[in-house]
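So the chains spell out like this:
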Amino acid sequence: MDAAEFRRRGKEMVDFVADYQENIEHRRVYPDVEPGYLRSMIPSEAPLEPESYEDVLRDVDRVIMPGVTHWLSPHFYAYYANSTSFPSILADLLSSGIGTIGFTWAANPACSELETVMLDWLGKMLQLPEDFLSETQGQGGGVIQGTASEATLMALLSARLKTVKCVQESDPQRSEADIISKLIAYTSEEAHSSVEKASIIGGVVIRMVPTDEHFSVRAETLEKMVAEDKATGYIPFFFCATLGTTPCCAFDKIDELGPICNAENIWMHIDAAYAGCAFICPEFRPLLNGVEFADSFSINPNKFLLVGFDCSAMWVKKSADLTRAFQMDPEYLKHEHQGSGWCNHLHQPYSTHKIHWGIPMARRFRSLKLWFVFRMYGLRGLQAFIRKHVELAKTFENLVRGDNNFEICAEVVMGLVCFRLKGSDELNKALLKQITRTGKIYLVPCKLRGRFVLRFVVCGRTTELRHIQEAWKHITELSSELLQNLFDHEGKEN
Ligand SMILES: *Cc1c(COP(=O)(O)O)cnc(C)c1O
């Protein structure tokens, strides 16, 4: 394909994507395919000779589309949102088109610098303490990680190294292996599975902290566990708080947990992948009070800020904690501005080079997505988007509350409503099975206190009131059928 053909095909592809999104609500949101459906539809080996673009595109319709779950559909209410937007898609096209890789400042100055500034912009939108911003000449700053899972892992590994060094300062004879075998991390029993995964990769023990009646971790509970573990020779070193848990969007009490972590030299990381985005609205910002005690904090703009996947924003208070843990200096990365990078602080010469801030070396130009979206929506536009989702969720909550067959299972704070049919888990599983089988809307379940619960998340950029009303009507129709069948069945048995 030469530039002339790319020009033509590119315009067609933009039309294709625009048509797709404009008409997405007429598609079945959850595909009607069986596992393994695709293999028999394409050859078992890559072609030896080039094929035509028309043939490839034809197969997108024939092979791919029937197996797509349409995440951008207004009928999609599963997981948490993946809220991309047209400016974000265009920024991604530009990033692909430039094809540049920004691991050090010299490898792509614009990429390194825009990322640093965008994380400051976003940090200010969230009213983060100045400690987390890089422009204030403090020691903090932000970085874009691929996912929240990576941000948590980076925090845990940095905390591990910091603690090993700290213990060795007072006890130089003690081996790293011995210290690591005694390290202990904590997170909520409601935390995302990626926290436990980080502890497995980091080779440390993790304990799940029980939550209160609002599914929040409280200071007292953590304090007690830390004391127990210290008494038996363990070294508490890491606590991952969650703001907006995945099952029901609960919030750990970071303002009371933070001081304990600080007093005990426990690194506090805050995983606010979904809910953190809403803290750009002043009415939600109080939920972030206590962030001043945290060592690191992350949100996923790709969940709730109209930025396409992948984009997880992470801030650290002392960037040297991160960069010191992961600094490698091969000869091929040295360059003339090494020691005096643009946003450097004299004592941390490498913080401009994002290679030292994460696992991979190569990094995409992801900050373009933030820049385009922030400028095209403005803070006001992004706030309006979040408020609309929250309002729609409240509407759904009221519909559920107005029906005696159903109950709400957790406080509705943002775009997630946890609900269930009053009755057995089996009944609710049967309802979800019917919903999925019908394919009109898509949602997924969770477990709360051992009970099977349905999660309804307002996800789509184009979700409107009528979609919420339609979804509720659909759910109540299916549930009425189920309840009627159950009633008939019980009647027969009696
Ligand atoms: C979605 C989510 C994650 C996982 O995010 P990835 O970016 O896919 O790793 C982690 N934690 C919370 C609280 C989430 O909501």
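Residues numbered from 1 in each chain as written. Predicted model: local features only at pLDDT ≥ 70, side-chain atom pairs only at ≥ 80, totals over all residues. Heavy atoms only, no water.

## Description of the packing of aromatic side chains
And step 1. For the structure on display, the rule yields 20 aromatic pairs.
And step 2. Relative to Trp-472, the ring of Phe-419 has its centre 6.5 Å away and its plane inclined at 65°; by these criteria the two rings are edge-to-face. Taken together, the positions of Phe-419 in strand β9 (residues 416-421) and Trp-472 in helix α14 (residues 465-493) put the pair 53 residues apart, joining distant regions of the chain.
And step 3. Three or more aromatic residues joined by ring pairs make a cluster, and in this case those are Tyr-77, Phe-396, Phe-406, Phe-419, Phe-456 and Trp-472.
And step 4. For the cation-ring pair, Lys-182 lies above Tyr-234, with the distance from its terminal atom to the ring centre recorded as 5.2 Å. (Phe/Tyr/Trp six-rings, centres within 6.5 Å; stacked < 30°, edge-to-face > 60°. Helix = DSSP H or I, 4+ residues; strand = E, 2+ residues; numbered from the N terminus. Lys NZ or Arg CZ within 6 Å of the ring centre and 35° of its normal.)

## Concerning a nonpolar patch on the surface
And step 1. A cluster of nonpolar side chains, Met-1, Phe-6, Val-14, Leu-90 and Leu-93, forms an exposed patch at the surface whose accessible area comes to about 520 Å².
And step 2. Every element with two or more residues in the nonpolar patch is listed here: α1 (3-22) and α3 (86-98).
And step 3. You can see Leu-90 is positioned in helix α3.
And step 4. On the basis of relative accessibility, which here comes to 48%, the residue Leu-90 falls in the partly exposed class. (Patch = residues over 30% accessible without salt bridge, like charges linked within 9 Å, V, L, I, M, F, W, Y side chains within 5 Å. Areas by Shrake-Rupley, 256 points an atom, 1.4 Å probe, with all protein chains shown as cover. Salt bridge = Lys/Arg side-chain N within 4 Å of Asp/Glu carboxyl O. Buried < 20%, exposed > 50% of the residue type's maximum accessible area, 1.4 Å probe, protein only.)

## A closer look at the site of the ligand
And step 1. Close to the ligand lie 13 residues, the nearest being Ala-148, Ser-149, Asp-271, Asn-300 and Lys-303.
And step 2. The contact in question runs from an oxygen atom of the ligand to an N or O atom on the side chain of Asn-300, over 2.8 Å.
And step 3. Taking 390 Å² as the accessible area of the ligand by itself, protein coverage stands at 87%.
And step 4. A class-by-class count of the residues in the shell around the ligand yields three nonpolar, eight polar and two charged. (Near = heavy atom within 4 Å. Polar contact = N/O pair within 3.5 Å; in protein donor to acceptor, adjacent residues only side chain to side chain. Nonpolar A, V, L, I, M, F, W, Y, C, P; charged D, E, K, R; others polar.)

## Some points on the UniProt feature "modified residue: N6-(pyridoxal phosphate)lysine" (unreviewed entry) in the protein chain
And step 1. Taking the numbering used here, the UniProt-annotated feature "modified residue: N6-(pyridoxal phosphate)lysine" (unreviewed entry) corresponds to Lys-303.
And step 2. Mapping Lys-303 onto the fold places it in helix α10 (residues 301-304).
And step 3. Not counting chain neighbours up to four residues away, the residues in contact with Lys-303 comprise Tyr-80, Ala-81, Asn-82, Ser-83, Ala-273 and Tyr-274. (UniProt positions renumbered as here; feature names shortened; annotations may be inferred. Contact = heavy atoms within 4.5 Å.)

## Details of the nonpolar core
And step 1. In terms of nonpolar packing, the biggest core is built from 80 residues, with Phe-239, Ile-270, Phe-297, Ile-299, Trp-315, Ile-386 and Met-414 touching the most fellow members.
And step 2. Counting residues per element, this core draws most heavily on helix α12 (residues 367-401), at eight residues.
And step 3. Residue contributions to this core reach at least three from each of two domains, namely domain 1 (1-30 + 69-84 + 381-494) and domain 2 (100-365).
And step 4. The contacts of Trp-315, once residues within four sequence positions are left out, are Leu-119, Leu-122, Gly-123, Leu-126, Leu-128, Phe-132, Gly-141, Gly-142, Asp-295, Ser-296, Phe-297 and Ile-299.
And step 5. Counting residues in hydrophobic clusters, the runner-up holds 30 residues, among them Leu-183, Met-314, Leu-322 and Ala-325. (Core = buried A, V, L, I, M, F, W, Y, C linked by side-chain atoms within 4.5 Å. Domains from an automatic or database assignment.)

## Brief notes about the sheet that holds strand β10 (residues 444-448)
And step 1. Spatially, β8-β9-β11-β10 is the arrangement adopted by the four strands of the open sheet, whose pairing is antiparallel. Both outer strands of the open sheet, β8 (406-408) and β10, are each paired with one neighbouring strand and no more. Each strand axis lies, on average, 40° off the axis of its neighbour in the sheet, ignoring direction.
And step 2. Where β9 meets strand β11 (residues 451-457), four bridges bridge the pair, whose relative direction is antiparallel. The partner of Val-417 across the bridge, within β11, is Phe-456.
And step 3. Against the sheet, α12 touches β8, β9 and β11, its axis set at about 15° to β9.
And step 4. On top of the sheet, helix α13 (residues 425-438) reaches β8, β9, β10 and β11; it is set at about 35° to β11, its chief contact. (Pairing = 2+ DSSP bridges. Axes fitted to C-alpha atoms, helices over the stretch in contact; angles between N-to-C directions.)

## Considering the sheet that holds strand β7 (residues 312-316)
And step 1. Strand order in the open sheet formed by seven strands is β1-β7-β6-β5-β4-β2-β3, and the pairing between neighbours is mixed. Each edge of the open sheet carries a strand with a single partner, namely β1 (141-145) and β3 (205-209). The sheet shows a mean angle of 20° between the axes of neighbouring strands, taken without regard to direction.
And step 2. As judged from the five bridges shared by strand β2 (residues 183-188) and β3, these two strands associate in the parallel manner. Bridged to Ala-185 within β3 is Ile-206.
And step 3. Strand contacts of helix α8 (residues 219-231): β2, β3 and β4 (235-242), with the helix running at about 150° to β3, the strand carrying the most contacts.

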